[in-house]
Amino acid sequence: GDPLLRLDTLLEAAAAIRDEVPGVAIRVSTNGLVDPATCSLTASRLRDAHIDEVTVALNAADPATYQAFMLTPPSYDAPYFATAAEAVGDVAGASFGDACAFIAALAEGGTSVTATCVARPGVDVPSVRALALALGARSFKERSWHPEKS
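Every chain is numbered independently, its residues counted from 1 as its sequence is written. Two thresholds apply to this predicted model, a pLDDT of at least 70 for residue-level local features and 80 or more for giving and counting side-chain atom pairs, whereas whole-chain, interface and lining totals are computed over all residues. Values reported for side chains reflect all heavy atoms of the structure, with hydrogen atoms and water molecules removed beforehand.

Caption draft 1: Region of interest: the overall build of the protein chain. Counting secondary structure elements, the protein chain contains six helices and four strands. Numbered from the N terminus, helices here are DSSP runs of H or I no shorter than four residues, and strands are runs of E no shorter than two. Starting at the N terminus and walking to the C terminus, you meet the elements of the protein chain as α-β-α-β-α-α-α-β-α-β. Here the C-alpha radius of gyration of the protein chain, 16 Å, is about what a compact globule of 150 residues would show, namely 15 Å. Each principal axis of the C-alpha distribution contributes one length, and for the protein chain these read about 45 × 35 × 30 Å. Just to be clear, the radius of gyration here is over C-alpha atoms, and the globule rule we use is 2.2 Å times residues to the power 0.38.

The following block contains the structure:
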């Protein structure tokens, strides 16, 4: 699951790693679906824990595409999960705007953000890149799409 679902555990682990290996860079990868009520606080806690970089999966440039690809169970069997719905997890109330707001909150707080996007059919990757950079991401990575083979 997403590491931010267990933020306290993540921060404890980061502190333990830093104690064991001083100066090590720590990156957190997330879908960025942080509750709007705690978005700024979560970004601050990550910064204060000296998380060096946060990578956020921003797999669309508009709410409808984001809903279809990030908040809806896939039409294919998801590896490692009993059902496609389990692959998505509990995203009730989550939105495209939440991920965008989290990227902005991280960037405004001084945390380095890399946004990623899977270049699957139906996704306007150049628009996602432009949006991510406008929100404050320092870098953008396009990821390749590997459709299910029949």
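Caption draft 2: Expanded view of the pattern of salt bridges. The rule for a salt bridge is simple: a side-chain nitrogen of Lys or Arg has to be within 4 Å of a carboxyl oxygen of Asp or Glu. Using the criterion set out here, one finds four salt bridges in the structure. Here D48 ties to R47 by a salt bridge, and the two come within 3.1 Å at their closest N and O atoms.

Caption draft 3: Here's a closer look at the pairing of strand β4 (residues 139-143). Strands are treated as partners if at least two bridges between them are detected by DSSP. With five bridges connecting them, strand β3 (residues 112-118) and β4 associate as parallel partners. Bridging from a neighbouring strand, V118 pairs with R143 of β4. For a crossover, the right-handed case is the one in which the path from the first strand over the helix to the second runs clockwise, viewed with the strands pointing away from the viewer. Running through helix α6 (residues 125-135), the crossover from β3 to the neighbouring parallel element β4 is right-handed.

Caption draft 4: Region of interest: the nonpolar core. Side-chain atoms within 4.5 Å are what join buried Ala, Val, Leu, Ile, Met, Phe, Trp, Tyr and Cys residues into a set we call a nonpolar core. Between buried and exposed lies partly exposed: a residue is buried under 20% and exposed over 50% of the maximum accessible area for its type, with that area taken using a 1.4 Å probe on protein chains only. Counting 40 residues, the largest nonpolar core has L4, L46, I51, L58, Y66, F102 and L106 as the members making the most contacts within it. Mapped by element, the contributors of at least two residues to this core are α1 (7-20), α2 (39-48), β2 (53-57), α3 (63-70), α5 (96-108), β3 and α6. For this core, the leading source of residues is α5, giving seven residues. Setting aside anything within four residues of it in sequence, one finds Y66 in contact with N31, L33, A57, L58, N59, A60, L71, S95, F96 and A99. Here, residues are in contact when the closest pair of their heavy atoms is within 4.5 Å.

Caption draft 5: Expanded view of the side chain of T65. Relative to the assigned elements, T65 resides in helix α3. If sequence neighbours within four positions are ignored, T65 has contacts with A60, G122 and V123.

Caption draft 6: Spatial organisation of the environment of M70. Mapped onto the fold, M70 is located in helix α3. On the basis of relative accessible area, M70 is assigned to the buried category, the value being 17%. Taking C-alpha positions, M70 is 9.9 Å from L33, a pair spaced 37 residues apart along the chain. Contact partners of M70, with chain neighbours within four places excluded, come to N31, A57, N59 and V88.

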